[in-house]
Amino acid sequence: MSKTQKALPRQHFRVAPLTAAVAASLGLLASGSVLAADPPTVAELQAEIARVLAENAKLKQALSAQGGVSAPVASEVTTPVAAEPAAAEEPQALGEITVRGKKKIELLKDVPLSVSVISGNELERELAQDLSAITRRSAGIQFNQNNTRGASLSIRGLGKRSFTETQDPSVGMVVDGVAYGLSQLANFDFYDVDSVDVTRGPQGTLGGKGASSGVVSVNTRRPSFYPSADYQVTYGQRDTLIAKANLGGPIIDDLLAWRGSFVVDRSRGYYVNNFDSNYSLYNKNRVSGRTQFLFTPSADFNARVSFDLEPHAPQVQNGLTFYKNQPDRFADGSLTDPSGTTTRAKLAGYTNASGVFTPGRAWFAGRDFNGTPYTYDANYIGDNNLNFNENQGQTVHNKGGQIDLTWNLANHTLTSITATRKYTFDAHNDEGTPFDINRNGGGGVDYQQFSQEFKIKNKPGSAVDYVAGLFYLKTDDDIASKTGWGSDAGAWFATTAQYNALDRNAGTNRGAGLALLKDSLDDAIAKGDTIVHTKSSAIYGNATWPTTDELSVNGGLRLTHENRNTTDIRFLTANGAGAALNPVAVRGVALGGFNSTSTGALAAGNTAAQQALADAVASRYFGAASYSALTSTQLAQVAAAKSLRAGQIGQLISGITSYYSDNLWTGTLGPSYRFSNDVTGYLTWQYGEKSGSALNVNGLSANVRPEKTNAFELGLKSSLLKNTLIINADIYQMNIRDYQSTVRVVDDFTTQTNIANGQANPLAYVTAQGNVPKARARGLELDAVYSGIPNLSIRVAGAYTDARYVSFPLAAKPDEQAYLAAAYVDQSGLTLPGVAKWTGNVGAEYRVPVWGNKQFHTSFNTAFTSRYNNTDTLSSYGVVPGNAITDFAIGLGFKSGFDVSLIVKNLTDNRAHEPAWSSYSPNPYPRWYGLTFSGKL
């Protein structure tokens, strides 16, 4: 024993709590009581860590007074208030105590679940800062690209969805212990990340919000009593500027600490709108900040307060669509567009079944934009032919706050997480041309949530490790849909028969017909609102019983009560120029028009006011004294204009509400067996019920049934070659009943309108949330890390996924099968949309000292995806070929902490896409490179 240690017996004795706390932190994770998939894991360790820091600080002061030196302890990488961590695997000494930090993936060796861990440093090295980049660093998980609102996550092939806020996500999203009710709340930049955990299979018995396919947990760095400040600035292609800063430390020693994190992400998009080159698509315009405070008044209690904000900012992420010529004929030889409804028919003409060619609509011929005549072939068809006049893009906003409270009790740790979030989204869409057709259309979301969770966990040493808790989530969501029409909308949306009556065959009445075409829709606006209220409450528990030193049994149960209601309304909020052409009413919503027949003649029963309105139409468009003075040709023109307007106004809904209430169960059970200190095997059964939905479709109640999943998983976790090789592997099967998916439902209203207008292939569908009778997913997964070669670390992940519809007899017809008489086709046995059979990634980092005190480093990550079908209808035109995306970095670090790196994203410029029936969206992020400067202050 050293002199210092002999002189300080009391202080040396006080190191014991430090040892116990660190051991407890590691032991909790290793026992399976705290999992990467368990969102509050970090918060639950705060009490122990806060006590460690207090003891450590006092010990340092005492040692300093005696001439001793103390170094901070390298605790496990996800501790919330730990000191600045030393390099991984480097031992840190404190008196006689040596603690070695462990890789988080190694600590999950005894967790009986398939879990992948991605460190924040791994994300940082190649600027992986959003869900798209994060998911490319794991296997079996896919980010389904869309705009901020419509993107989704899927795990094991389950979870692809789009624009269905009435449906719970299949893959739960958790940030700092707070479960998000919508995936899009996380479709922003992540910054100051400590780790990301991907857990597969039904979840919920460990807390948070239940999820049927898996959970993605993002853990950010927490406040510390050790001062720190670091920065990163990136300059790159397309005017990219990314600036990050993280700083913090003690405000009041041992009592109050803080951490602030900020990011600015600005860049032009790769694709430019030729109509107005001031706007690029998939530009970045993001500013985000988060501030946290840690309050530690005693060793038995601490509190963390956090709030973050991303202000309103517009980004153009709508309209990135490349168009191609629709095939001329179906497989049976019939024409795909016999009546001239496609864009090509309207702008360039079409040939009918009799071989008669009809030229494009004169309304759009010879139109000039930016000094160049607009044509279908030169300005609409082909890659990079982006020409549209609605450049408002989408504006998003995201903010939230939370309070974490932790009590360190005698034998338990009690935590409380209270959180609220608000998210808004407003998009303005265009049909892809510079014509004044769609005006101020699109969708909007105004969402907010409040959540509260209480959790109690026993401390290590009991016969059974357990956790239990209560969870509550309340969400309020207003989803707006807007449809606005411009001066060219009438000529665009008119059927061929309507256009012929008003323009081509109008003769002496052509002037009146053109006026009717314009006024039929010009300046009209229809607006709908879907208002969704949800209350979700749950009680849960999970326990691990070590029956022997080798054998443990884990079990958990959750009961969730869901209460939901959804109200839909849709009104014509602006009549525009064509108010006199309104229908009398649509589904009971009065619009004030006059009643006329399909030929345009007045029907019986019109009031005096309606008669006067009809006379006004006759006077305005034909100069006639009264409606009765119109000729049959003129009456037919009025009928065509009224039919055109009614078809675009569509369904109006005065208000319909659906209700859903249910009790849902989640359970897990399975043994795990430790064959040795290095190898553990497990067998797990998981059962999950995903909430149904209160839903209205076509103005009628159409609730969605809850989804029920039985999952079986057999896995092996190992730490070999003196812990330099970690291999985790599993096989699984998930059987799903009433699988919730985006489905296509026959739109009776539009179908009847198409039939009345004589349209070929009149059957129309509307996209909705629904149930597929049975689905199944099975496969195998591998996660491996190797660090046995000096200066080199290698990460490999791979997954084989076979996810299919077991029973789906009522699937919507793909585009190429629209000629079939039946309303639906049977897709039983086919692979689910968006599912690649093989996915994987390989990442490596090499670091070596050079030139004395400098460090050379290089890294890459390659994500591979085999071919998959990208369309909900499984069209043969939707197959994306197998492809790979590689991110690469190379740089030089200095002793001062300063580093400069060259980063290349999508190194091979991968732009794989489906053949497409008539249009596709390209990869929004082609190859990019930039220079990153970072350091510590």
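Just so we're clear, the structure is a prediction, and the values are computed from it rather than from any experiment.

### Brief notes about the overall build of the protein chain
Line of reasoning, step 1. When helices and strands are tallied, the protein chain shows 16 helices and 47 strands.
Line of reasoning, step 2. Within the protein chain, residue pairs in contact and separated by at least 24 positions form 70% of the contacts whose partners lie at least 6 positions apart.
Line of reasoning, step 3. Carbon and sulfur atoms form 57% of the exposed surface of the protein chain, whose accessible area is close to 36,200 Å².

### What to know about the packing of aromatic side chains
Line of reasoning, step 1. Counting across every chain of the model gives 26 aromatic pairs.
Line of reasoning, step 2. With centroids separated by 6.0 Å and ring planes inclined at 70°, the aromatic side chains of F275 and F369 adopt a geometry described as edge-to-face. One end of the pair, F275, is in the loop between β13 (271-272) and β14 (280-281); the other, F369, is in strand β20 (residues 368-369), with 94 residues separating them in the sequence.
Line of reasoning, step 3. Accessibility expressed as a relative area gives 16% for F369, which makes it buried.
Line of reasoning, step 4. Between Y765 and Y824, the aromatic rings sit 6.1 Å apart at their centres with planes inclined by 65°, giving edge-to-face as the arrangement. Taken together, the residues Y765 in strand β36 (residues 765-786) and Y824 in strand β39 (residues 824-825) connect sequence positions 59 residues apart.
Line of reasoning, step 5. An aromatic cluster is present here, built from F275, F364, F369, Y374, F435 and W492 joined pairwise through their rings.
Line of reasoning, step 6. Here R156 stacks its cationic end above the ring of Y732, 3.9 Å away from the centre of that ring.
Line of reasoning, step 7. Taking the ring centre of Y191 as reference, the NZ or CZ of R290 above it sits at 4.6 Å.

### Observations concerning helix α15 (residues 632-649)
Line of reasoning, step 1. Taking 1.5 Å per residue, 18 residues should reach 26 Å; α15 reaches 26 Å between its end C-alpha atoms and fits that length.
Line of reasoning, step 2. Burial in α15 covers these residues: Q634, L635, Q637, V638, A639, A640, A641, K642, L644, R645 and I649.
Line of reasoning, step 3. Each element contacted by the buried residues of α15 is listed here: α11 (489-493), α12 (496-504), α13 (510-519), β27 (551-574) and α14 (608-622).
Line of reasoning, step 4. Within two residues after α15, G650 carries a phi angle of roughly 65°, on the positive side.

### What to know about the sheet that holds strand β9 (residues 214-220)
Line of reasoning, step 1. The strand order β3-β8-β9-β6-β7 describes an open sheet built from five strands, whose pairing is mixed. One side of each edge strand has no neighbouring strand; the edge strands of this open sheet are β3 (115-119) and β7 (178-180). The mean inter-strand angle of the sheet, taken between neighbouring strand axes irrespective of direction, is 20°.
Line of reasoning, step 2. Relative to strand β8 (residues 193-200), β3 runs antiparallel, the two sharing five bridges. The residue of β8 that forms the bridge with V115 is T199.

### Digging into the pairing of strand β10 (residues 228-236)
Line of reasoning, step 1. Pairing analysis gives nine bridges linking β10 to strand β11 (residues 240-252), with the strands arranged antiparallel. Following the sheet pairing, V233 is matched in β11 by A243.
Line of reasoning, step 2. The antiparallel pairing of β10 with β11 creates a hairpin that spans three residues between the two strands, and R238 there sits at a positive phi of about 55°.
Line of reasoning, step 3. Looking at chain direction, β10 and strand β47 (residues 928-936) are connected through seven bridges and run antiparallel.

### A short note on the side chain of E713
Line of reasoning, step 1. You can see E713 is positioned in strand β34 (residues 707-720).
Line of reasoning, step 2. The buried category is assigned to E713, whose relative accessible area is 1%.
Line of reasoning, step 3. Within the structure, the side chain of E713 is placed 2.9 Å from the backbone nitrogen of S114, a separation counted as a polar contact.
Line of reasoning, step 4. Engagement of the side chain of E713 in a polar contact is seen with the side chain of Y682, the distance being 2.5 Å.
Line of reasoning, step 5. Ignoring any residue separated from it by four or fewer positions in sequence, one finds E713 in contact with L113, S114, R156, R200, Y682, L683, T684, Q686, D730, I731 and Y732.

### Focus on the nonpolar core
Line of reasoning, step 1. Within the largest apolar cluster, 45 residues are counted, with the highest numbers of intra-cluster contacts made by L517, Y627 and L630.
Line of reasoning, step 2. Of all elements in the fold, only α11, α12, α13, α14 and α15 reach the threshold of two or more residues within this core.
Line of reasoning, step 3. Among the elements that make up this core, the one with the highest residue count is α15 (six residues).
Line of reasoning, step 4. L630 has contacts with A618, F622, A624, L635 and V638, leaving out every residue within four places of it along the chain.
Line of reasoning, step 5. Of all hydrophobic cores here, the second largest spans 36 residues; its members include I118, I155, Y180 and V396.

### What to know about a nonpolar patch on the surface
Line of reasoning, step 1. A contiguous nonpolar surface patch, about 490 Å² in accessible area, is contributed by I251, I252, F293, V305, F307 and I403.
Line of reasoning, step 2. Elements with a minimum of two residues in the nonpolar patch: β11 and β16 (301-315).
Line of reasoning, step 3. Structurally, the position occupied by I403 is in strand β22 (residues 394-408).

### Looking at the confidence of the model for the protein chain
Low-confidence regions, as indicated by low pLDDT, have predicted coordinates that should not be scrutinised in detail.
Line of reasoning, step 1. In the predicted model, the protein chain carries a mean pLDDT of 87, and 88% of its residues have values of at least 70.
Line of reasoning, step 2. Low pLDDT, under 50, characterises residues 1-44; the predicted model gives this stretch 93 contacts beyond four residues in sequence or across chains.
Line of reasoning, step 3. Note that pLDDT drops below 50 for residues 57-102; the model gives that stretch 87 contacts with residues more than four away or on any other chain.

### Quick notes on α12
Line of reasoning, step 1. Residues of α12 that are buried include every one of T496, Q498, Y499, N500, L502 and D503, and no others.
Line of reasoning, step 2. Buried residues belonging to α12 abut β18 (350-351), α11, α13 and α15.

### Details of the pairing of strand β26 (residues 525-546)
Line of reasoning, step 1. Bridging between strand β25 (residues 465-484) and β26 involves 20 bridges; their strand directions are antiparallel. By the bridge assignment, D477 is partnered in β26 with V532.
Line of reasoning, step 2. Pairing between β26 and β27: 22 bridges, direction antiparallel. When the bridges of β27 are listed, S536 appears paired with E562.
Line of reasoning, step 3. Joining the antiparallel neighbours β26 and β27 is a turn of four residues.

### With respect to the packing of α12 against α15
Line of reasoning, step 1. Where α12 meets α15, the axes come as close as 9 Å, and the angle between the chain directions of the two elements is 135°. Put simply, α12 runs oblique to α15. The handedness of the crossing between α12 and α15 is left-handed. Across the interface between the two elements, Q498, A501 and L502 from α12 touch Q637, A640, A641, S643 and L644 from α15.
Line of reasoning, step 2. When the residues that make up the contact of α12 with α15 are grouped by side-chain class, the tally is five nonpolar, three polar and no charged.

### So, the pattern of salt bridges
Line of reasoning, step 1. As enumerated under the stated definition, the model contains 45 salt bridges in all.
Line of reasoning, step 2. Between D189 and R286 there is a salt bridge, with its nearest N and O atoms 2.8 Å apart. Highlighted residues: D189 in the loop between β7 and β8 and R286 in strand β15 (residues 284-298), separated in sequence by 97 residues.
Line of reasoning, step 3. R564 serves as the salt-bridge partner of E562, at 3.2 Å between the closest nitrogen and oxygen.

### Let's talk about the packing of α13 against α15
Line of reasoning, step 1. For the pair α13 and α15, interaxial distance at closest approach is 9 Å and the crossing angle is 15°. It follows from the interaxial angle that α13 and α15 lie roughly parallel. Considering the relative orientation of α13 and α15, their crossing is right-handed. In contact with A512, G513, L516, L517 and D519 of α13, α15 contributes Q637, V638, A641, L644 and R645.
Line of reasoning, step 2. Of the residues in the contact of α13 with α15, the class split is six nonpolar, two polar and two charged.

### Observations regarding the side chain of Q129
Line of reasoning, step 1. Of note, Q129 is situated in the loop between α7 (120-124) and α8 (131-135).
Line of reasoning, step 2. A relative accessible area of 7% places Q129 in the buried class.
Line of reasoning, step 3. Within the structure, Q129 has its side chain in polar contact with the side chain of K244 (distance 3.0 Å).

### Things to note about the environment of S462
Line of reasoning, step 1. Mapped onto the secondary structure, S462 falls in the loop between β24 (442-458) and β25.
Line of reasoning, step 2. C-alpha of S462 to C-alpha of N411: the two residues are 51 residues apart in sequence and 8.9 Å apart in space.
Line of reasoning, step 3. Here the side chain of S462 touches N458 through a polar contact of 3.3 Å, side chain to side chain.

### Looking at unusual backbone geometry
Line of reasoning, step 1. One non-glycine residue with positive phi stands out, namely D239, at about 55°.
Line of reasoning, step 2. Mapped onto the fold, D239 is located in the loop between β10 and β11.
Line of reasoning, step 3. For D239, a relative accessible area of 55% translates into the label exposed.
Line of reasoning, step 4. Phi is positive for D909, which is not a glycine, with a value near 55°.

Reading the values: the criteria
Residues numbered from 1 in each chain as written. Predicted model: local features only at pLDDT ≥ 70, side-chain atom pairs only at ≥ 80, totals over all residues. Heavy atoms only, no water. Helix = DSSP H or I, 4+ residues; strand = E, 2+ residues; numbered from the N terminus. Contact = heavy atoms within 4.5 Å. Areas by Shrake-Rupley, 256 points an atom, 1.4 Å probe, with all protein chains shown as cover. Phe/Tyr/Trp six-rings, centres within 6.5 Å; stacked < 30°, edge-to-face > 60°. Buried < 20%, exposed > 50% of the residue type's maximum accessible area, 1.4 Å probe, protein only. Lys NZ or Arg CZ within 6 Å of the ring centre and 35° of its normal. Expected span 1.5 Å × (residues − 1). Pairing = 2+ DSSP bridges. Axes fitted to C-alpha atoms, helices over the stretch in contact; angles between N-to-C directions. Polar contact = N/O pair within 3.5 Å; in protein donor to acceptor, adjacent residues only side chain to side chain. Core = buried A, V, L, I, M, F, W, Y, C linked by side-chain atoms within 4.5 Å. Patch = residues over 30% accessible without salt bridge, like charges linked within 9 Å, V, L, I, M, F, W, Y side chains within 5 Å. Salt bridge = Lys/Arg side-chain N within 4 Å of Asp/Glu carboxyl O. pLDDT = per-residue confidence, 0-100. Parallel < 35°, antiparallel > 145°, perpendicular 65-115°, else oblique. Left-handed = near helix turned anticlockwise from the far one by under 90°. Nonpolar A, V, L, I, M, F, W, Y, C, P; charged D, E, K, R; others polar.

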